[in-house]
Amino acid sequence: FFSKITSYLGGSINIEDVSKKFYDQLISKNIAPEMAKNIIEKIKSKLGNQNVTLATYKQALTEELTKILTPNVSTDLLYDIKRNAANPRPYVISVVGVNGVGKSTNLAKLAYWFLQNNLNVLICACDTFRSGAVEQLKVHVNNLKNLNNQSSNNNTKIDIFEKGYGSGDHVVTTAKMAIQYAANEKFDIVLIDTAGRTHSNTKLMAPLKKFGDAANPDKIIMVGEALVGTDSVEQAINFNNAFGNKRNLDFFIISKVDTVGDLVGTMINMVMATKVPILFVGTGQTYTDIKRLSVKRVVDMLMN
Amino acid sequence: MVLADLGSRLRGALSSVESASDDEINSMVKDVCTALLESDVNIKLVVRLRDNIKAKIKTELSPEETTANKRKKLQKIIFDELVALVDSHEEPPKPKKLSTSTKVINGKKKKVAKTNSHVIMFVGLQGAGKTTSCTKLAVYYKKRGFKVGLVCADTFRAGAFDQLKQNAIKASIPYYGSYLEQDPVKIAYEGVTKFKSEKFDIIIVDTSGRHRQEQQLFDEMVQIGEMVQPTQTIMVMDGSIGQAAESQAKAFKESANFGSIILTKMDGHAKGGGAISAVAATKTPIVFIGTGEHVGDLEIFKPTTFISKLLGIGDIQSLIEH
Ligand SMILES: Nc1nc2c(ncn2[C@@H]2O[C@H](COP(=O)(O)OP(=O)(O)OP(=O)(O)O)[C@@H](O)[C@H]2O)c(=O)[nH]1
Ligand SMILES: Nc1nc2c(ncn2[C@@H]2O[C@H](COP(=O)(O)OP(=O)(O)OP(=O)(O)O)[C@@H](O)[C@H]2O)c(=O)[nH]1
Ligand SMILES: [Mg+2]
Ligand SMILES: [Mg+2]
C-alpha cells in the first residue's frame, strides 16, 4: 500500500538504473563518456543511499551541470579593457584553436562587438600559413568598415595589420609589429588571428608558446566548435597547456552552436576538462551571431 | 581515448580470455563498446553492434573448442563487425578520361571519345575541409593523368575564392571563380560549362559550408546541383565530429544525395567514430581520408585496412583467414 502511494507521488527509484539511463542521455548529447561517467559518479555519491526520487535525481544533475558551466571568474571583458585605457600598450586578444572551428569568423564577430562598444580595433593577420587566410580577414575588415560608416556612432575605427604569408619567426614579428603600430595609432584593442593546428601535433603546438611569450596577450581565447565529439576534451587540455606552466587559456568561444540542435555537450567537455569559462557562443555566420552563454538554456537542453 | 586504444584493449581483453568463460567474454564485449563510445560512434549503433557480436558468439563458439580457437574466432567476429560499421558495400564512381573511355558497341569493346566530363560537387558543414580537399583530390587525379579543373562556387565565405585560387596556383590546377558575382549557382554553371567546352576530364566544384538547420542554404545547394548535374557528389566530414554527425549526414543525403564521403583531419587523435556513424546512417562509402593540411595528405580509404590500422593490428588479414 505504501509503496503504491510513494510511486504515485514519485516514489523512490533504483539509483543504478536511473544513473545508467542518464549516463546514456549525456553521451547522446555529445558529452564524452569519461566526463559523463564523472558527472554520474558525483551524483551517485552525493545522493548516497537515501531514498531518491526521480525528481531529486534530476535536480541534483541539473545543479551539477549548472555548477560546471558557471564561471568562477569574471567574464566582463569590456570592463577589463576599459580599465586598460590609460595603458599605452593596447589590449591584446588572441584566438587559437584547431583547424576550421571558426577562429577567424568569430574574431570578426568580436571586432564588431568591440566597435559597437566604442573601441578601436586593429585586426592582426597571424595565420600566415593557410591559403586565403589574410584575404579572408581583409574582407571582414572591409565589411566592418562599411558597417561602421553606416552606423550613427562612427567615431570608432577598425583596420587590418598584415605582413603576408610566411613561416618561422614571421608570426611573432608580425604580432609584435602590430602591437607597436596599434600603440602608435591609438587603437584600443589588437585582435590577433592565428593558424588552425592539430592539438596533438607537438611540432605545430610548440610555436604557440613562443607566440604567447612574444605577443603576451591580455586574453587568449580558444575557439572550440560544438560539432566536435570526444576529441574536444583533449583539444581543450592541449591548448590550455600550450602556453607553458605560467599561462592558461582565459576563455572559450564555442562556435557553430546553431548546427547541433540540443547536442551541446561539447561545452561540458571543454569546461570540465580545463575549468576555463565560456565567454561567448557562436550561433551563425553573421557578425551579430555571437551571444553570451545562457547556462540555464544549455542545461535545459542537456536535461531534456 | 580512441579506436587505436581499442586495439590494445581488444588484444588485452582477448589475451585475458583464458577459459573463455561467459564472464570473460562479456567483459571483453563491454570493453569494446566503451571504447567505441569514446570514439564518438553513435550510441544506437554501438548497442546494435553489441547485440550482433553477442549473437555471433552464441552461434559460432562452441564449448568444446580450444581457447586458442575461441580467441581467434572472437577476434574475427569483432573485426568483421567493426568493418561492417564502416563498409557501405557501395562502389564509388571511377572517373574516366575523355579520350580513353571504352564503350561496348554491337557486342564489341571500342575506344570512343567520352563526351561528358566527370563533374564532382563538394558539400558539407562549415569548416569541414571542403576547399582543402578539393585541391587534394584535383592533385590526386592530375597525378594520374587526368585533366582537372576547379570551380569555386562559394561566394559566401570571406576569402573563399582567394583560398581556392592560391591552392590551385600552387598545385598548377586551372581554376574558375569570381570576386564580383554573388550568385554561386551562376558561377558553378559558368565554370562547369567552360571546363566542359575545354574537354576537361574532371571538374571539381567547391561550395560553401552549410548545415541542416538553415533551409535556405540547403535550397542553394540543391540549385547548384540541378545546374551542374554532378556525376558524383562528395560530402566532406570532419573526423572529429561527434553525435551530431548522423542527423547532419542524413539531411545532406536527403537534399544532395551524396554518393561518397571524404573524412578529414584524421591526422589528429580523433578516430572518426562520428563519421563512421554517418556512414552507417547513410549507407555511403568513405572514399578518401585527409591526413593533414598539405595537398598530398590524402589517402584512399579501405574499410578493412582502416579498421586494421585503427586497431593497431596491421597484419590482421594474415592473422585470420577470410
Ligand atoms: N553555422 C556556423 N558557422 C560558423 C560559425 N562560426 C564560424 N562558422 C563557419 O565556419 C567556417 C570556418 O570558419 P573560419 O573562421 O574560417 O575558421 P578558422 O578556425 O579560422 O579556420 P582555419 O583558420 O582554417 O583553421 C566558415 O564557413 C564560417 O562561416 C558559427 O557560429 N555557426
Ligand atoms: N590537420 C588537418 N587539417 C585539415 C585537413 N583538411 C582540411 N584541414 C584544415 O581545416 C581548415 C578548414 O578547411 P577548409 O578547406 O577551409 O574547409 P571548408 O569546408 O572549405 O570550410 P568552409 O568553406 O568555410 O565551409 C583549414 O585550416 C584546413 O587547412 C586535414 O585532413 N588535416
Ligand atoms: Mg582562420
Ligand atoms: Mg571552403
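See the structure shown above.
Heads up: these notes are all about the structure in this document. (Residues numbered from 1 in each chain as written. Chains lettered and ligands numbered in written order. Predicted model: local features only at pLDDT ≥ 70, side-chain atom pairs only at ≥ 80, totals over all residues. Heavy atoms only, no water.)

### Describing the overall build of chain B
Along chain B, the regular secondary structure elements total twelve helices and ten strands. A total of 322 residues make up chain B; the buried ones form 54% of that total. Contacts in chain B between residues far apart in sequence, at least 24 positions, make up 74% of those at least 6 positions apart. When the accessible area of chain B is evaluated, it comes to approximately 14,300 Å², of which 51% is carbon and sulfur surface. (Helix = DSSP H or I, 4+ residues; strand = E, 2+ residues; numbered from the N terminus. Buried < 20%, exposed > 50% of the residue type's maximum accessible area, 1.4 Å probe, protein only. Contact = heavy atoms within 4.5 Å. Areas by Shrake-Rupley, 256 points an atom, 1.4 Å probe, with all protein chains shown as cover.)

### With respect to the interface of chain B and chain A
On the chain A side, the residues contacting the 35 residues of chain B number 36 residues. Buried area between chain B and chain A, both sides added, is near 3,000 Å², and the carbon and sulfur share of it is 52%. Inspection of the region where chain B meets chain A yields zero salt bridges. Connecting chain B to chain A are 16 residue pairs in polar contact (both at pLDDT 80 or more). For the side of chain B that touches chain A, the element with the highest residue contribution is helix α6 (residues 160-170) of chain B, accounting for five residues. (Buried area = accessible area lost by both parts, 1.4 Å probe. Salt bridge = Lys/Arg side-chain N within 4 Å of Asp/Glu carboxyl O. Polar contact = N/O pair within 3.5 Å; in protein donor to acceptor, adjacent residues only side chain to side chain.)

### A look at the sheet that holds strand β9 (residues 286-290) of chain B
Residues and elements named next belong to chain B. In spatial order, the strands read β5-β4-β6-β3-β7-β8-β9-β10; together these eight strands make up an open sheet with mixed pairing. The open sheet has two edge strands, β5 (175-176) and β10 (298-300), and neither has a second partner. Taken together, the five bridges between strand β3 (residues 118-124) and strand β7 (residues 232-238) define a ladder with parallel strand orientation. By the bridge assignment, I120 is partnered in β7 with Q232. Here helix α10 (residues 273-282) sits on the sheet in contact with β7, β8 (260-264) and β9, set at roughly 175° to β8. (Pairing = 2+ DSSP bridges. Axes fitted to C-alpha atoms, helices over the stretch in contact; angles between N-to-C directions.)

### Some remarks on the environment of Y181 of chain A
All names here are of chain A. Structurally, Y181 is set in helix α8 (residues 170-184). Y181 sits in the partly exposed class, given a relative accessible area of 30%. Between the C-alpha atoms of Y181 and K29, which are 152 residues apart in sequence, the distance is 45 Å. Setting aside residues up to four positions removed in sequence, Y181 forms contacts with L122, F161 and F187.

### Topic: the site of ligand 1
Contacts to ligand 1 come from 25 residues, most closely from K103, S104, T105, R130 and Q285 of chain A. Taken together, the residues near ligand 1 originate from chains A and B. One of the backbone N or O atoms of V101 of chain A is found 3.2 Å from an oxygen atom in ligand 1. Between ligand 1 and G102 of chain A, the relevant distance is 2.8 Å, taken from an oxygen atom to a main-chain nitrogen or oxygen of the residue. Alone, ligand 1 offers 650 Å² of accessible surface; in the complex the protein occludes 96% of this. Classifying every residue of the shell around ligand 1 by side-chain character gives one nonpolar, 17 polar and seven charged. (Near = heavy atom within 4 Å. Nonpolar A, V, L, I, M, F, W, Y, C, P; charged D, E, K, R; others polar.)

### A short note on the pairing of strand β6 (residues 251-255) of chain A
Residue and element names in this part refer to chain A. Within β6, five of the five residues are buried, leaving the element largely enclosed by the surrounding structure. Judged by which residues are buried, β6 turns out to be covered on both faces: F251, I253 and S255 on one side and F252 and I254 on the other are all buried. Relative to β6, strand β5 (residues 219-225) is paired through five bridges, and the arrangement is parallel. Note that in β6 the partner of I221 across the bridge is F251.

### Describing the packing of helix α5 (residues 130-143) of chain B against α6 of chain B
Residue and element names in this part refer to chain B. At a closest axis distance of 10 Å, the pairing of α5 and α6 adopts a crossing angle of 25°. In this view, α5 runs roughly parallel relative to α6, as classed from their interaxial angle. The interaxial crossing formed by α5 with α6 has right-handed handedness. Contact residues: α5 offers T131, T132 and T135, while α6 offers Q163, L164, N167 and A168. Tallied by class, the residues present in the contact of α5 with α6 amount to two nonpolar, five polar and no charged. (Parallel < 35°, antiparallel > 145°, perpendicular 65-115°, else oblique. Left-handed = near helix turned anticlockwise from the far one by under 90°.)

### Digging into the site of ligand 2
Residues and elements named next belong to chain B. Around ligand 2 there are 24 residues in total, and K130, T131, T132, R157 and D267 lie nearest to it. At 2.7 Å, a side-chain N or O of K130 approaches an oxygen atom of ligand 2. At 2.7 Å, a side-chain N or O of T131 approaches an oxygen atom of ligand 2. Compared with its free state, where it exposes 650 Å², ligand 2 has 96% of that area covered by protein. Sorting elements by how many residues they give to the shell around ligand 2 places α5 first, with four residues. Its residues assigned to classes, the shell around ligand 2 comprises two nonpolar, 14 polar and eight charged.

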